[in-house]
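# Breakdown of the fold
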Amino acid sequence: MKKMIRLLIKVNKILIDISAKEIWKKEEINLVRKVLTFCYESLSLRESFELSVRLTDDKEIMNLNKMYRNKNSPTNVLSFCSQKYNYDKIGFQILGDLVISRDTAIKELKGTKKTLEQHISHLTVHGFLHLLGYIHEDDKEAETMEDLETEILKKLNIPDPYLGIN
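Described in the following lines is the structure provided in the data block.

Cut-offs applied
Residues numbered from 1 in each chain as written. Predicted model: local features only at pLDDT ≥ 70, side-chain atom pairs only at ≥ 80, totals over all residues. Heavy atoms only, no water. Helix = DSSP H or I, 4+ residues; strand = E, 2+ residues; numbered from the N terminus. Buried < 20%, exposed > 50% of the residue type's maximum accessible area, 1.4 Å probe, protein only. Contact = heavy atoms within 4.5 Å. Areas by Shrake-Rupley, 256 points an atom, 1.4 Å probe, with all protein chains shown as cover. Core = buried A, V, L, I, M, F, W, Y, C linked by side-chain atoms within 4.5 Å. Phe/Tyr/Trp six-rings, centres within 6.5 Å; stacked < 30°, edge-to-face > 60°. 1 Å grid on protein atoms, 1.4 Å probe; cavity = no way out; pocket = protein on both sides within 12 Å on 5 of 7 lines; lining within 4 Å. Points joined across faces, edges and corners; volume = space filled by probe spheres on them.

## Focus: the overall build of the chain
If you tally the helices and strands in the chain, you get five helices and five strands. For the chain, the α and β elements follow one another from N to C terminus as β-β-α-β-α-β-β-α-α-α. Looking at the 166 residues of the chain, the share that counts as buried comes to 45%. In the chain, of all internal contacts separated by at least 6 residues, the share reaching a separation of at least 24 is 59%. Counting only carbon and sulfur atoms, one obtains 51% of the accessible surface of the chain, whose full area is about 9,900 Å².

Here is the structure:
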C-alpha cells in the first residue's frame, strides 16, 4: 500500500487541504501551500476560501483527464471549480479542487532553463486562477490570465514563464 501524505492548513482566510502521492517531496508540498497562500494574499481576496489539492502522478491525472475532459493523456494541472456560493460548515466558500502531476511537470522542463520549483509554482498559480474563474479560451482571456500569472510569479521572484513562447 502506498503511503499518502495529507496536510490541512488554515492560513488567514484560506483553508487548503493537500493530499500527495509519495513521489512528491515534503518541500514541494510546502511550496504548493506557500504559493497558494501567496496568491490569496497578493490578490487581496476578501472571501474566505477552501480548496483541495491533489499532488499526483501521470497515471492518476490521466484517469481524471479522461473521465472529466474526455482526453486520454496526462496533463500538468487540472482545476475543478465548485459551484458559486457553496460553503462548508465553517463558512468558507468552497473553490474546488486542484490536481497537479509531478511527472508531467518534470517532463515539461526538458529543454528549458526553469527549475522544478519554478514550474510547480507556475502550475499552482495557473490552477488557482482557474478556480477563481479565469480562463484562456481566446487571446484576450489568455493575455489577461497570463499577465496576472506573470505578475504573481514576479512577486515570488520567478521569471516570466511565457518569455520566448509564441
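## A look at the nonpolar core
Counting residues in each nonpolar core, the largest one holds 36 residues, and the members touching the most others are Trp24, Val32, Leu36, Leu51, Val53, Leu55 and Phe128. Broken down by secondary-structure element, the contributors of at least two residues to this core are strand 2 (14-21), helix 1 (26-42), strand 3 (49-56), strand 5 (93-101), helix 4 (116-131) and helix 5 (139-155).

## Notes on the packing of aromatic side chains
Each aromatic ring pair is described using two quantities: the centre-to-centre distance and the angle formed by the ring planes. Inspection of every chain in the model, using the stated rule, returns two aromatic pairs. Considering the side-chain rings of Tyr40 and Phe49, the 6.3 Å spacing of their centres and the 85° angle between planes classify their relative orientation as edge-to-face. Ring plane angle 65° and centroid distance 5.1 Å describe the contact between Tyr68 and Phe80, whose orientation is recorded as edge-to-face. Residue Tyr68 is located in helix 2 (residues 58-69), and its partner Phe80 is located in strand 4 (residues 77-81); the two are separated by 12 residues in the primary sequence. Relative accessible area serves as the criterion here: at 52%, Tyr68 is assigned to the exposed category. Residue class for Phe80 comes out partly exposed when judged on its relative accessible area of 21%.

## A short note on the layout of surface pockets
In this approach, a probe sized like a water molecule rolls over the atoms, and the result shows the empty space that is left. In this structure, the largest pocket occupies an estimated 460 Å³ of space. Around the largest pocket, the lining is made up of 19 residues, and of these Arg69, Val77, His126, His130 and His136 lie nearest the centre. The set of elements that each furnish at least two residues to the lining of the largest pocket consists of helix 2, strand 4 and helix 4. Ranked by residues supplied to the lining of the largest pocket, first place goes to strand 4 with five residues.

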